[in-house]
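In case you want the letters, here they are:
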Amino acid sequence: MSNIAAHLDDVLSRISRATADAGRPAGSVRLLAVSKTFGAEAVRAALGAGQWAFGENYVQEALEKMAALAGETVDGKPLEWHFIGPLQSNKTRAVAEHFDWVHSVDRLKIAQRLSAQRPVNLPPLQVCLQVNISGEASKSGVTPDEVPAVAHAIAALPNLTLRGLMAIPEPEDDPARQRAPFRAVRALFDTLRADGLALDTLSMGMSADLEAAVAEGATMVRIGTAIFGARDYSPRA
Ligand SMILES: *Cc1c(COP(=O)(O)O)cnc(C)c1O
């Protein structure tokens, strides 16, 4: 088994154990494999192990990988590409044209552009609203106060389907303290659902805190390092 296949197995076991520990049904948490900075060969190794949904942060890098992997399928399913990085206005068209999901919608204007630019021959773009749950000035996302108004406005856009909320809490090593921000996102999610929005996705949890996120209701975890290894951001020679 390749390293990547073995790591995927380990991550799936962690997810299963966390799901069972939380008393949640088996299979209620999806794995998004975050392949940013890794090439098409790494993605291909994950495909061989049955993984078919991938998260990317950089538009140009992602488009190159999509082209290299065009036509690949897993059990007859085409690959599913999720944009999870900060999204500037000048990149929305490429994202609307090439991705299946966007987790990092962090203002209404970006959602409006994605909806206007989504090609009519494609299904609606699946989106999550990013919440700045730790209140860090440098992190993107709407504040918890802003969530209801922005979520309802996004849900009304024609070419998007609002699926839920996404958050990246401030890194916290102590597992006991990892849960509070996830619990706060879950509370916002429950409020939106009680208000009538048909949401089914809580995108939260990464390599270092997936157990805490699953314990608090995550339905999709975004895992990079634990599958592909440490990322190297140094410029390529
Ligand atoms: C890079 C990234 C991840 C993956 O983080 P790991 O700690 O490597 O698992 C998840 N979500 C977002 C938004 C990211 O940018």
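Residues numbered from 1 in each chain as written. Predicted model: local features only at pLDDT ≥ 70, side-chain atom pairs only at ≥ 80, totals over all residues. Heavy atoms only, no water.

Rules: UniProt positions are given in the numbering used here, feature names are shortened, and annotations may be inferred rather than shown by experiment.
Looking at an unreviewed UniProt entry, one finds the chain named Pyridoxal phosphate homeostasis protein and attributed to Pandoraea faecigallinarum. What the UniProt record of the chain gives under Cofactor (unreviewed entry) is the line "pyridoxal 5'-phosphate". Check the Function (unreviewed entry) section of the UniProt entry for the chain; it says "Pyridoxal 5'-phosphate (PLP)-binding protein, which is involved in PLP homeostasis."

### Comments concerning the overall build of the chain
The criterion, for reference: Helix and strand definitions follow DSSP, with helices as H or I runs of at least four residues and strands as E runs of at least two, each counted in order from the N terminus. Based on C-alpha atoms, the radius of gyration is set beside the globule rule, defined as 2.2 Å times the residue count to the power 0.38. Whether a residue is buried, partly exposed or exposed follows from its accessible area with a 1.4 Å probe, protein chains only, as a fraction of its type maximum: under 20%, in between, or over 50%, in that order. Any two residues whose heavy atoms approach within 4.5 Å are treated as being in contact. Accessible surface is estimated by sampling points in the Shrake-Rupley manner with a 1.4 Å probe; for residues, cover comes only from the protein chains shown. Here Asp and Glu are counted as negative and Lys and Arg as positive; His is not counted, and neither are the chain ends. The location of each charge is read from NZ of Lys, CZ of Arg, CG of Asp or CD of Glu.
Along its length, the chain carries nine helices and 10 strands. Taken against the 2.2 N^0.38 rule, which gives 18 Å for 237 residues, the C-alpha radius of gyration of the chain at 17 Å falls within 12% of a compact globule. The principal-axis extent of the C-alpha atoms belonging to the chain is close to 45 × 45 × 35 Å. With 237 residues in all, the chain has 48% of them scored as buried. The contacts of the chain with a sequence gap of at least 6 include a subset with a gap of at least 24, amounting to 61%. Summing over all exposed atoms, the chain offers an accessible surface of approximately 11,100 Å²; the carbon and sulfur share of this is 52%. In the chain, 24 side chains carry a positive charge and 27 a negative one; their mean positions are 3 Å apart.

### Some points on unusual backbone geometry
Despite not being glycine, Thr 37 shows a phi value in the positive range, around 75 degrees. Note that Thr 37 resides in the loop between strand S1 (30-34) and helix H2 (40-48). Judged by relative accessible area, which is 15%, Thr 37 ranks as buried. Positioned with a positive phi, Asp 75 is a non-glycine residue whose angle comes to about 50 degrees. For Asp 75, a relative accessible area of 73% puts it in the exposed group.

### Some words on the site of the ligand
Quick reminder of the rule: Proximity criterion: a residue is near a molecule or strand once any of its heavy atoms comes within 4 Å of it. The definition of a polar contact used here is a pair of N or O atoms within 3.5 Å, where within protein one atom must be able to donate a hydrogen and the other to accept one, and adjacent residues in sequence count solely through side-chain atom pairs. Lys, Arg, Asp and Glu make up the charged group, whereas Ala, Val, Leu, Ile, Met, Phe, Trp, Tyr, Cys and Pro make up the nonpolar group; the residues left over, Gly among them, are polar.
What surrounds the ligand is the set Val 34, Lys 36, Asn 57, Ile 84, Ile 168, Met 206, Ser 207, Arg 222, Ile 223, Gly 224, Thr 225 and Arg 231. Between Asn 57 and the ligand, the recorded distance is 2.8 Å, taken from a side-chain N or O atom to an oxygen atom. Here Ser 207 contributes a side-chain N or O atom positioned 2.5 Å from an oxygen atom of the ligand. Here the ligand has 390 Å² of accessible area as a free molecule, and 89% of this is covered by the chains. Its residues assigned to classes, the shell around the ligand comprises five nonpolar, four polar and three charged.

### Concerning the packing of aromatic side chains
Heads up, the condition is: When two rings of Phe, Tyr or Trp (its six-membered ring) have centres within 6.5 Å they constitute a pair, described as stacked for plane angles under 30 degrees, edge-to-face for angles over 60, and tilted for the intermediate range. Should the NZ of a Lys or the CZ of an Arg lie within 6 Å of a ring centre and within 35 degrees of the ring normal, that charge is described as sitting over the ring.
Scanning the entire structure with this criterion turns up three aromatic pairs. Ring centres 5.8 Å apart and planes at 40 degrees place the aromatic pair Phe 54 and Trp 81 in the tilted group. Taken as a pair, Phe 54 in strand S2 (residues 53-56) and Trp 81 in strand S5 (residues 80-83) lie far apart in primary sequence, 27 residues in all. For the pair Phe 54 and Trp 81, a shared accessibility class is recorded, and that class is buried. Positioned above the aromatic ring of Trp 52 is the side chain of Lys 77, whose terminal nitrogen or guanidinium carbon lies 4.6 Å from the ring centre.

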